Amino acid sequence: MKKLKLTLKDVAAKLDVSTATISNAFNRPDQLSAARREAILAACKKIGYHGPNKAAQILRKGQSNIVALVLADSIEYMVSDPVASKFIQGVSSVLQKQNKHLLLYAGDSKSIQDVVDFVDGFICYGAPRNAGLTQEIIQQSKPAVAVDFNIEGCPAINIDNEEASYQVAKLALEKGDRVAILGLRLIDAPTTCRIYDSPLVETARSISHRRLDGYMRAIHETGNTVGGDWIWHIPESDSNYARQAAREVLSSSPRPDTVLCMSDIIALELLQCAMAKGIKVPEELKITGFDGIDEALRTRPYLTTVCQSSLEKGALAATTLLDGGTDSAELSFELKTGETT
């Protein structure tokens, strides 16, 4: 049986005090003696009343102490991703120190209208799968910070993905290499596949395409070429999808000499598959990753990759939002020359 919610008037009548006294006990403690306030709060707790309606307070004050983190994809997928998890940790560390709360919001949701009135601002981590969310954030009045992509009129926190990809590719590539790319969300397809001549999606706002731009620049500068039949689309940075791509690329004839991977998760799956087949890395196959996740630092041989601090990125995004900052920032990255190139 559903319990009826007590109103302020109900509580005042039960305790035989004014509604102002109840309100002051919760919201203006300076208006009551300490003993009087403690007695009122104890009596309220005993009858199951925990204070005025929070939603009404938020709407009245215009502040909730809640920040919405709009993720690029579903919450289930994002919290399982080691890069996203580190970013969320960075955001949370700053919010907790400021007595703020974090609301995770899926990037494949239909609309932000369900929460816009109940949060103080938005951090958008990656371009949401539902592009309409980005437009809604532009149109609403709450402050917002974009991360790993740009939103018109909002400060953005990024690294130079194109330059990072270019530099890590240059570490691996030699003239005459047969090159393959294991990419992320390059085309509109739910499964792992080669892109062939399929139209690329979200080319203007996706970090995957900035990484592809960097790879292609390095490939051309080293006198090599790569076609759509040697570029794989992987729908998520997930071990299962990556394993399928790894098996396909290693079964290609002729097999590539160098494989450029858009995440460490993809690169590590390729490395494990290659070792299981007895393929010598880097003598017969060179591999690069991207992100610098903890697992890559523990794997042997050491992975050549791009390291970025997702913790720092998350902390800076939260600080920028809370401070009302308007300046964008480009964080540094570090090349990790490992044993796979």
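The preceding data block contains the structure.
Residues numbered from 1 in each chain as written. Predicted model: local features only at pLDDT ≥ 70, side-chain atom pairs only at ≥ 80, totals over all residues. Heavy atoms only, no water.

*Asks:* What exactly am I supposed to notice about the sheet that holds strand E3 (residues 121-125) here?
*Replies:* Strand pairing in a sheet relies on backbone hydrogen bonds. The paired strands run either parallel or antiparallel. Ordered in space as E2-E1-E3-E4-E5-E12, the 6 strands form an open sheet in which the pairing is parallel. Unpaired on one side and paired on the other, strand E2 (101-105) and strand E12 (329-331) mark the two borders of the sheet. Put simply, the sheet's adjacent strands are angled 20° from each other on average, direction ignored. When strand E5 (residues 156-159) meets E12, the two strands line up parallel, connected through 3 bridges. Counterpart to Ile159 in the pairing with E12 is Leu331. (Pairing = 2+ DSSP bridges. Helix = DSSP H or I, 4+ residues; strand = E, 2+ residues; numbered from the N terminus. Axes fitted to C-alpha atoms, helices over the stretch in contact; angles between N-to-C directions.)

*Asks:* Would you explain the pattern of salt bridges in this entry?
*Replies:* A full pass over the atoms with the stated rule returns 14 salt bridges. In this structure, the salt-bridge partner of Glu162 is Arg217, at a minimum N-O distance of 3.6 Å. With Glu162 in helix H8 (residues 161-172) and Arg217 in helix H9 (residues 207-221), this pair connects stretches of sequence that are 55 residues apart. (Salt bridge = Lys/Arg side-chain N within 4 Å of Asp/Glu carboxyl O.)

*Asks:* Can you help me understand the side chain of Thr21 in this one?
*Replies:* Note that Thr21 resides in helix H2 (residues 19-27). Side chain to side chain, Thr21 and Ser18 meet in a polar contact 2.9 Å long. Not counting residues up to four positions away in its chain, the partners in contact with Thr21 are Leu32, Arg36 and Ile40. (Polar contact = N/O pair within 3.5 Å; in protein donor to acceptor, adjacent residues only side chain to side chain. Contact = heavy atoms within 4.5 Å.)

*Asks:* Which parts of the structure should I look at to understand the sheet that holds strand E7 (residues 193-194)?
*Replies:* Taken together, 5 strands build an open sheet; the order of strands is E7-E8-E6-E9-E10 and the sheet is mixed. Each end of this open sheet is capped by a strand with a single partner; those strands are E7 and strand E10 (286-288). Where strand E6 (residues 179-184) meets strand E9 (residues 258-261), 4 bridges bridge the pair, whose relative direction is parallel. By the bridge assignment for E9, Leu182 is matched with Cys261.

*Asks:* What exactly am I supposed to notice about the layout of surface pockets here?
*Replies:* Think of a ball as big as a water molecule: rolled over the atoms, this probe shows where empty space is left. Of the pockets and cavities examined, the largest pocket occupies roughly 840 Å³. What lines the largest pocket is a set of 39 residues, and nearest its centre among them are Ala72, Tyr77, Leu184, Arg185 and Ser208. Going through the elements one at a time, helix H5 (75-80), helix H6 (82-97), H9 and helix H11 (264-276) are the ones with two or more residues in the lining of the largest pocket. Grouping the amino acids of the lining of the largest pocket by side-chain chemistry returns 19 nonpolar, 7 polar and 13 charged. (1 Å grid on protein atoms, 1.4 Å probe; cavity = no way out; pocket = protein on both sides within 12 Å on 5 of 7 lines; lining within 4 Å. Points joined across faces, edges and corners; volume = space filled by probe spheres on them. Nonpolar A, V, L, I, M, F, W, Y, C, P; charged D, E, K, R; others polar.)

*Asks:* Explanation requested: the packing of aromatic side chains in the structure shown.
*Replies:* Each aromatic ring pair is summarised here by two numbers: the centre-to-centre distance and the angle between the ring planes. Tallying each qualifying case throughout the model produces 2 aromatic pairs. Between Phe26 and Tyr49, the aromatic rings sit 5.7 Å apart at their centres with planes inclined by 85°, giving edge-to-face as the arrangement. Residue Phe26 is located in helix H2, and its partner Tyr49 is located in the loop between helix H3 (34-47) and helix H4 (54-61); the two are separated by 23 residues in the primary sequence. Taken together, a centroid distance of 3.9 Å and an interplanar angle of 5° make the contact between Phe87 and Tyr125 stacked. Highlighted residues: Phe87 in helix H6 and Tyr125 in strand E3, separated in sequence by 38 residues. The class for Tyr125 is buried, based on a relative accessible area of 8%. Its end group placed over the ring of Phe290, Arg211 keeps NZ or CZ at 3.7 Å from the ring centre. Positioned above the aromatic ring of Tyr166 is the side chain of Arg217, whose terminal nitrogen or guanidinium carbon lies 3.9 Å from the ring centre. (Phe/Tyr/Trp six-rings, centres within 6.5 Å; stacked < 30°, edge-to-face > 60°. Buried < 20%, exposed > 50% of the residue type's maximum accessible area, 1.4 Å probe, protein only. Lys NZ or Arg CZ within 6 Å of the ring centre and 35° of its normal.)

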